[in-house]
Amino acid sequence: MTHRSFFAFILPSLVAMFLFIVLPVGSVIVQSFYVEHDRVLVTVENCGPFGCQQEIRVDTAATQELKREQPLGKFNGFGTYLNRAHLAVDEVAEIVRSSGGLGEMIARIYNLPFYKALSFTLAYTFVVTPLAMLLGFGVALAVNTLPRIAKGPVIFLSLLPYIVTPLIGSLILFWMINPNGVLGATLQLIFDDPDLSLKASPTLTWITLFVYGVWHMAPFPFVVFYAGLQTLPKDTLESAMIDGANRWERIRFVVVPHLVPLATFVGLVLMMDNFRVFEPIVGFSAEANATSLSWAIYNDLNGQVDKLFGSAAATSVLTVIGVVILLIPVLIRTWRDFNRKR
Amino acid sequence: MDFSPHSRSRTQAIVASVLLLAWLVIAAFPFFWTVWGSFKVEADFFSRESWGNALLGTSTVRQTGSAFTLDGYRGAWIEREFWRSVINTAIVTVSVTTISLIFGTLGGYALSRSGYRYTFWILIAALVFRAMPHITLVSGYLLPFFEMNIWGVLPTAIIVLVAINQPFTLWMLHSFFLSIPKDLDESAMVDGCTRFQAFRLAIMPVMWPGVITTGLFSFLLAYNDFAVTSMLLNQDNQTMVPKINSFLGTVQTEGTIMYAVAAVVSATVPLFMLVMFFQRQIVSGLTAGAVKG
């Protein structure tokens, strides 16, 4: 294809991506170096019957004026990145210096908002991804043994948690685990604890969110692995049976190796999707015990009085850096594939 | 996994079916429970005494005289004007899907037919964009959109969703077009067609399966989005998902939580239909990336 016709074809798509992905990323980076203006303060002399007093007031009009002239705020350099709400360099240094043991140190660092969000995001990504893949693999094996006629309806029901809107899916589960909901009440009965609430402790909240994540994501690996099982090499499988391999040995030595390439793909997509975990935290109202990077950005932007653009932008940049780090192995592999294909 | 039913032991079959049944209950029960409960009053759906009330509708009978009530739906759709959000969602999803597919087919076709190095870089950039959490982009849009005074309206959200959707659409259609033999359009060009004529006459007639599959996923992205629509649309233009979230913020008084339940069920029904009618395409779309790399 000539360069000319190539660019004629791809132009609309490139323009859209440039305007609404590349430019915003640039805008995020610029914003992250700015911070909201201080309020303009004026000293006024307040004279009453008991003498005069100096009083400091906020000059609202001047503050508004300043905001209109320089909507970005004032330049702050890397200040926002290093402050308490983000990398918290000073606080971490202080904690490292003054903490008694490793446990205390980790606990205190975890209490800093950015590290709290980062730990949950990473924990969610690396717990939910493998568990969803395992569950999906198990379901795929089981569905594959079903008679043909049952497969359609079973796949239909299995797809639902994945297709449903994440916020809606988490609300549906949230209402069920509510202490007055069907699951919450049943759990209270089982553990014989009328005050049991899954929102009560961070651990329980984390587990609830992980369970939601596995429930929501498992259908995707299921479908991919199920498709992979349809292309199993029958000859290899039959010779394994003739050689006396039992069911587990056949799974271990024939099926799993056949599915490994699919598993890397599934794992990658799941990691990308899990890393942006956000809606379940809103749906489960879990922000007291679990926050994620995406949620932290949303929270900064959703302020009722002031939107903290600078703070949100700094978290965004750090998040994108995290995404790129996660992706590096894949990028290298794609590069190799591409060179091989050419 | 096994191919001849008679060669497997009975216990294995039973264990597999029990586990599968457990999974099906876990996967589907929450939806059926919520659909059923949306026709009850709050005292039943969130019953303090027993979940049996939610099944039988004890309080619903006491309060409304019948075991099923449409109060939740009436409150959500009429009183809180959920129908507006439904219309907005329809506009957004249809526009996003259409525009995404037009841009995506052209771009994906070009990427599949060009072997130059820059195609690789475009695909890699698309992969990175695909992985970025949408909310990080939203924080870049907000301030410029406020300044340009285009915040809050549907066209803004539509074009942003199209752009966010492009990386995925490009990848999917690129790998789909790779599976269409090059000879098809090249022989058309030998016969004197321009590149665009070759695309229109030789490729377009055979591209619909791939386009439909990709379209389904574009639709789902637009329909399921919360990050973009909740931040970029004002109150009047809200689509369903942010509207449901706003119900949660305001509903504190008795009974109105059922509005949210009814709205959730209303928003889930189209997805049910989608899976029912397009199950085959959704499955093939989910596996397409894996099989073709």
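Only a predicted model underlies this, so the values are computations on that prediction, with no experimental measurement involved.

Conventions adopted
- Residues numbered from 1 in each chain as written.
- Chains lettered and ligands numbered in written order.
- Predicted model: local features only at pLDDT ≥ 70, side-chain atom pairs only at ≥ 80, totals over all residues.
- Heavy atoms only, no water.
- Helix = DSSP H or I, 4+ residues; strand = E, 2+ residues; numbered from the N terminus.
- Rg over C-alpha atoms; globule rule 2.2 N^0.38 Å.
- Contact = heavy atoms within 4.5 Å.
- Areas by Shrake-Rupley, 256 points an atom, 1.4 Å probe, with all protein chains shown as cover.
- Lys, Arg positive; Asp, Glu negative; His and termini not counted.
- Charge placed at Lys NZ, Arg CZ, Asp CG, Glu CD.
- Buried < 20%, exposed > 50% of the residue type's maximum accessible area, 1.4 Å probe, protein only.
- Axes fitted to C-alpha atoms, helices over the stretch in contact; angles between N-to-C directions.
- Parallel < 35°, antiparallel > 145°, perpendicular 65-115°, else oblique.
- Left-handed = near helix turned anticlockwise from the far one by under 90°.
- Nonpolar A, V, L, I, M, F, W, Y, C, P; charged D, E, K, R; others polar.
- Polar contact = N/O pair within 3.5 Å; in protein donor to acceptor, adjacent residues only side chain to side chain.
- Buried area = accessible area lost by both parts, 1.4 Å probe.
- Salt bridge = Lys/Arg side-chain N within 4 Å of Asp/Glu carboxyl O.
- Domains from an automatic or database assignment.
- UniProt positions renumbered as here; feature names shortened; annotations may be inferred.
- Pairing = 2+ DSSP bridges.
- Patch = residues over 30% accessible without salt bridge, like charges linked within 9 Å, V, L, I, M, F, W, Y side chains within 5 Å.
- Expected span 1.5 Å × (residues − 1).

Focus on the overall build of chain B
Per the secondary structure count, chain B includes 15 helices and zero strands. Taken over the C-alpha trace, chain B has a radius of gyration of 24 Å; the compact-globule value for 293 residues is 19 Å, which it surpasses by more than 25%. Here the analysis covers contacts within chain B between residues at least 6 apart in sequence; of these, 72% occur between residues at least 24 apart. Within the structure as shown, chain B displays about 12700 Å² of accessible surface, and the carbon and sulfur contribution to it stands at 67%. A gap of 7 Å separates the mean positions of the 17 positive and 15 negative side-chain charges of chain B.

Regarding the overall build of chain A
Within chain A, the regular secondary structure consists of 16 helices and four strands. A compact globule built from 342 residues would reach a C-alpha radius of gyration of about 20 Å, whereas chain A, at 27 Å, exceeds it by more than 25%. When the 342 residues of chain A are sorted by exposure, 48% land in the buried category. For chain A, the exposed surface amounts to about 17000 Å²; the carbon and sulfur share of it is 65%. Considering chain A, the positive charge centre built from 24 side chains and the negative charge centre built from 24 side chains are found 12 Å apart.

Looking at the packing of helix α9 (residues 154–178) of chain B against helix α12 (residues 208–224) of chain B
All names here are of chain B. α12 packs onto α9 with a crossing angle of 155° between their chain directions and a minimal axis gap of 10 Å. When the axes of α9 and α12 are compared, the pair comes out roughly antiparallel. Judged by the twist between their axes, the crossing of α9 over α12 is right-handed. Contacts between α9 and α12 involve Leu-161, Asn-165, Phe-168, Thr-169, Met-172, Leu-173 and Phe-176 from the first element and Gly-210, Val-211, Thr-213, Thr-214, Phe-217, Ser-218, Leu-221 and Ala-222 from the second. Counted by class, the contact of α9 with α12 contains nine nonpolar, six polar and no charged residues.

Looking at the side chain of Thr136(B)
Along the chain, Thr136(B) falls in helix α8 (residues 134–148). In this structure Thr136(B) comes out as buried when scored by relative accessible area, which is 2%. In this structure the side chain of Thr136(B) is engaged in a polar contact, spanning 2.6 Å, whose partner is the backbone oxygen of Pro133(B). The contact partners of Thr136(B), leaving out residues within four places of it in the chain, are Val28(A), Ile297(A), Ser316(A), Thr319(A) and Val320(A).

Describing the interface of chain B and chain A
Across the contact, 102 residues belong to chain B and 102 residues belong to chain A. Taken together, both faces of the contact between chain B and chain A bury some 9400 Å²; the carbon and sulfur share is 79%. At the boundary of chain B and chain A, one finds one salt bridge. A salt bridge links Asp273(A) to Arg130(B), with the nearest nitrogen and oxygen atoms 3.4 Å apart. It is helix α15 (residues 257–292) of chain B that provides the largest number of residues to the side of chain B that touches chain A, a total of 18 residues. By residue class, the composition of the side of chain B that touches chain A is 74 nonpolar, 20 polar and eight charged.

Observations concerning the environment of Leu41(A)
Residue and element names in this part refer to chain A. Along the chain, the position of Leu-41 falls in strand β2 (residues 41–48). Sequence separation between Leu-41 and Pro-24 is 17 residues; the distance between their C-alpha atoms is 33 Å. When residues no more than four places from it in sequence are discounted, the contact partners of Leu-41 are Ile-56, Arg-57 and Val-58.

Some points on the domain arrangement of chain A
Residues and elements named next belong to chain A. You can read the domains of chain A as domain 1 (72–111) and domain 2 (112–336). Once you take the C-alpha centre of each, domain 1 and domain 2 turn out to be 30 Å apart. Each partner contributes residues to the interface: domain 1 has 14 residues there, and domain 2 has 14 residues. Summing both sides of the interface, domain 1 and domain 2 together bury roughly 1200 Å²; the carbon and sulfur share of this comes to 67%. For domain 1, the biggest contributors to the area lost against domain 2 are Tyr-81, His-86 and Tyr-110; these three give 51% of the whole.

With respect to the UniProt feature "transmembrane region" (unreviewed entry) in chain A
According to UniProt, the feature "transmembrane region" (unreviewed entry) maps to residues 7–34, 122–143, 155–177, 204–229, 250–272 and 308–332 of chain A in the numbering used here. Secondary structure across residues 250–272 of chain A comprises 100% helix and 0% strand; the distance between its end C-alpha atoms is 32 Å.

Details of the pairing of strand β3 (residues 51–58) of chain A
All names here are of chain A. Note that β2 and β3 share eight bridges and pair antiparallel. Looking at β3, one finds that Leu-41 is bridged to Val-58. Connecting the antiparallel pair β2 and β3 is a turn made up of two residues.

Details of unusual backbone geometry
Although it is not a glycine, Ala88(A) adopts a positive phi angle of roughly 50°. Within the secondary structure, Ala88(A) sits in the loop between α3 (79–82) and α4 (89–98). For Glu81(B), which is not glycine, the phi dihedral falls at a positive 55°. Along the chain, Glu81(B) falls in the loop between α5 (71–79) and α6 (82–113).

Re a nonpolar patch on the surface
Residues and elements named next belong to chain B. Taken together, Trp-208, Ile-212, Val-269, Met-273, Met-276, Phe-277 and Phe-278 make up a surface patch of nonpolar side chains, about 690 Å² in accessible area. A per-element tally of the nonpolar patch places α15 first, with five residues. With respect to the secondary-structure elements, Phe-277 resides in helix α15.

Details of the UniProt feature "transmembrane region" (unreviewed entry) in chain B
All names here are of chain B. The UniProt feature table records "transmembrane region" (unreviewed entry) at residues 12–36, 90–111, 118–142, 154–180, 201–223 and 257–278. When the span residues 12–36 is considered, its composition is 100% helix and 0% strand, and the gap between its end C-alpha atoms is 35 Å. Across residues 118–142, helical content stands at 92% and strand content at 0%; the span's end C-alpha atoms are separated by 31 Å.

A closer look at helix α7 (residues 117–131) of chain B
Residues and elements named next belong to chain B. If you check α7, its first and last C-alpha atoms are 22 Å apart, about what 15 residues at 1.5 Å a residue would give, namely 21 Å. The element α7 is largely enclosed, with a buried count of 11 among its 15 residues. When we look at burial in α7, the residues that qualify are Thr-119, Phe-120, Ile-122, Leu-123, Ile-124, Ala-126, Leu-127, Val-128, Phe-129, Arg-130 and Ala-131.

Description of the pattern of salt bridges
This structure, assessed with the given rule, holds eight salt bridges over all chains. Asp273(A) is paired through a salt bridge with Arg276(A); the nearest N and O atoms lie 3.7 Å apart. Accessibility classification places Asp273(A) together with Arg276(A) in one group, the buried group. Each of Asp273(A), Arg276(A) and Arg130(B) takes part in salt bridges that share partners, so that together they form one network.

Overview of the environment of Thr64(B)
Residue and element names in this part refer to chain B. Among the secondary structure elements, Thr-64 is positioned in helix α4 (residues 58–64). C-alpha of Thr-64 to C-alpha of Lys-40: the two residues are 24 residues apart in sequence and 9.5 Å apart in space. When sequence neighbours within four positions are dropped, the list of residues in contact with Thr-64 reads Val-41, Thr-69 and Asp-71. A distance of 3.2 Å separates a polar side-chain atom of Thr-64 from the backbone oxygen of Ser-66.

Points about the environment of His3(A)
Residues and elements named next belong to chain A. Mapped onto the elements, His-3 comes out in helix α1 (residues 3–32). Judged by its relative accessible area of 39%, His-3 falls in the partly exposed class. For the pair His-3 and Phe-275, spaced 272 residues apart in sequence, the C-alpha to C-alpha distance is 37 Å.

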